[in-house]
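# A closer look at the structure
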Amino acid sequence: MDKRNILFIGGDERQIYCAKFLYDCGYEISVFGFENYSEMPEELMVFHNPKIAVILADVIVLPTPFAKDATIYAPYSVQKINQYDILRYAEKEKLVFGGKFDESFLKMLQQKQMRYFDFLKDEALTVKNAYLTAEGTVSYLSTLAPKSLFETKALIIGFGRIAKCLVRLMAAFKMNITVAARKKSDLTKAKFLGCKSIPIKQLKSLEGYDYVINTVPAKVFKNALIEQISAPYIDLAGEAIEAKNYVRLSAVPGKYAPLSAGEYYGEYIKSILSEVAYE
């Protein structure tokens, strides 16, 4: 049996469920950066010293999203965890998993000749996460008003994986859906799925909708336009702004389906480890 020690550093509940899944698969599991997590499974070894934790680990699992301004995403940690401090103790024989690595961190991994695997680069895992994001978003919409989603009007900006999953879920609630996209092919696909469609450039106003949902990882509209709308503007991918009806909904799988998301990550890690020899 594969007895590699897998260390989880930071992250949200997805990491805990992933760790528990891999423990049940027979791996030795340890965690760091979860001091404020109150329901830690007894079978997981908890480290408080990052140097010892990293040195003893064969595999390091980092969060998704990984870090911001060199600080690892660790909402349950009592201290800031610097991404470079972690690498200081890591050697090239260790494997690294995580999501949305920045360029400077990747460069350091490459310099140390460490093998790394980005969760967001795996197509099957990306599709699963897109569905969980869509499901969590619809769950969030249902909490915004004391009324049914039936026949409410929603504008979806963009038509990537998440938007396509949103369309299918919203259609089940008989919502009236409009898709705004740049590509003609996406507008045509949206029509075939029963949606109204409009080129993004032709959107002069965001009024007339009960919900507006952005799935484009870029700034699409000026802040002034967003501030004028009366409906909730749910942003799944863009840069956060200050506006009355603006909601930045990030890391949705971790908030609404951490068990499923964690097990999906666990299945991916297990499949990679089965292919990579233990040195």
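This report concerns the structure included in the present document. None of these values were measured; they are calculated from a predicted model. (Residues numbered from 1 in each chain as written. Predicted model: local features only at pLDDT ≥ 70, side-chain atom pairs only at ≥ 80, totals over all residues. Heavy atoms only, no water.)

Right, let's talk about the overall build of the chain for a bit. When helices and strands are counted, the chain shows ten helices and 14 strands. In terms of overall size, the chain behaves like a compact globule, its C-alpha atoms giving a radius of gyration of 21 Å where 279 residues would be expected to give roughly 19 Å. When its C-alpha atoms are laid out on the principal axes, the chain stretches across 60 × 35 × 35 Å. Going through the 279 residues of the chain one by one, you find that 50% of them count as buried. Contacts in the chain between residues far apart in sequence, at least 24 positions, make up 55% of those at least 6 positions apart. Surface accessibility of the chain: about 14,200 Å² in total, with carbon and sulfur atoms responsible for 52%. Between the averaged position of the 36 positive side-chain charges in the chain and that of its 32 negative side-chain charges there is a distance of 10 Å. (Helix = DSSP H or I, 4+ residues; strand = E, 2+ residues; numbered from the N terminus. Rg over C-alpha atoms; globule rule 2.2 N^0.38 Å. Buried < 20%, exposed > 50% of the residue type's maximum accessible area, 1.4 Å probe, protein only. Contact = heavy atoms within 4.5 Å. Areas by Shrake-Rupley, 256 points an atom, 1.4 Å probe, with all protein chains shown as cover. Lys, Arg positive; Asp, Glu negative; His and termini not counted. Charge placed at Lys NZ, Arg CZ, Asp CG, Glu CD.)

In this model helix H6 (residues 161–172) runs 17 Å from its N-terminal to its C-terminal C-alpha over twelve residues, within 8% of the 16 Å that 1.5 Å per residue would give. Three or more residues of H6 are buried, namely Ala163, Cys165, Leu166, Val167, Leu169 and Met170. On the buried face of H6, the contacting elements are helix H5 (123–141), strand S9 (153–157), strand S10 (176–181) and strand S12 (211–214). At the exit of H6 stands lysine 174, carrying a positive phi of roughly 60°. (Expected span 1.5 Å × (residues − 1).)

What follows covers the side chain of lysine 94. Position of lysine 94 among the secondary structure elements: in the loop between helix H3 (83–88) and strand S7 (95–98). The buried charged residue lysine 94 lacks any salt bridge, with glutamate 93 as its nearest oppositely charged partner at 4.8 Å. At 2.5 Å, the side chain of lysine 94 forms a polar contact with the backbone oxygen of alanine 57. The residues touching lysine 94, leaving out its near neighbours within four places in the chain, are Val54, Ile55, Ala57, Asp58, Ile60, Tyr89, Met114 and Arg115. (Salt bridge = Lys/Arg side-chain N within 4 Å of Asp/Glu carboxyl O. Polar contact = N/O pair within 3.5 Å; in protein donor to acceptor, adjacent residues only side chain to side chain.)

One way to put it is that H5 packs onto helix H10 (residues 258–275) with a least axis distance of 11 Å and a crossing angle of 180°. Considering the angle they form, H5 stands roughly antiparallel to H10. Residue-level contacts link Leu125, Lys128, Asn129 and Leu132 of H5 to Ser260, Ala261, Tyr264, Tyr265, Glu267 and Tyr268 of H10. Classifying every residue of the contact of H5 with H10 gives six nonpolar, two polar and two charged. (Axes fitted to C-alpha atoms, helices over the stretch in contact; angles between N-to-C directions. Parallel < 35°, antiparallel > 145°, perpendicular 65-115°, else oblique. Nonpolar A, V, L, I, M, F, W, Y, C, P; charged D, E, K, R; others polar.)

Our focus in this paragraph is the sheet that holds strand S3 (residues 45–47). Taking strand neighbours across the sheet as the criterion, the six strands line up as S3-S2-S1-S4-S7-S8 in an open arrangement whose pairing is parallel. With partners counted over all chains shown, the strands left at the sheet margins are S3 and strand S8 (115–118), one partner each. In this sheet, neighbouring strand axes are inclined to one another by 20° on average, regardless of whether the strands run parallel or antiparallel. Contacting strand S1 (5–9), strand S2 (28–32) and strand S4 (59–61), helix H1 (residues 13–24) runs over the sheet at an angle of about 170° to S1. (Pairing = 2+ DSSP bridges.)

In this section: the packing of aromatic side chains. Applying the stated rule across the entire model yields twelve aromatic pairs. Ring geometry for phenylalanine 97 versus phenylalanine 117: centroids 5.0 Å apart, planes at 20°, classification stacked. Note that phenylalanine 97 is positioned in strand S7 and phenylalanine 117 in strand S8, a separation of 20 residues in sequence. Through successive ring pairs, a cluster of aromatic residues spans Phe97, Phe117, Phe119, Tyr265 and Tyr268. (Phe/Tyr/Trp six-rings, centres within 6.5 Å; stacked < 30°, edge-to-face > 60°.)

Glancing now at the environment of valine 216. The topology assignment puts valine 216 in the loop between S12 and helix H8 (223–228). Separated by 36 residues in sequence, valine 216 and valine 252 have C-alpha atoms that sit 15 Å apart.

According to the stated counting rule, one finds seven salt bridges in the structure shown. With a closest N to O distance of 3.0 Å, lysine 20 and aspartate 24 form a salt bridge. Of this pair, lysine 20 and aspartate 24 both sit in helix H1, four residues apart, roughly one helical turn. For aspartate 24, a relative accessible area of 53% translates into the label exposed. Of the charged contacts in the structure, one is a salt bridge between glutamate 267 and lysine 128, with a shortest N-O distance of 3.6 Å. A residue pair is termed long-range when its members are at least 10 positions apart, and glutamate 267 in helix H10 and lysine 128 in helix H5 qualify at 139 residues. Judged by relative accessible area, which is 35%, glutamate 267 ranks as partly exposed. Taking the relative accessible area as the measure of exposure, lysine 128 reaches 32% and is therefore partly exposed. Salt bridges sharing common partners tie together Lys20, Asp24 and Glu43.

Take it as geometry only, folks, not as evidence of what the structure does.
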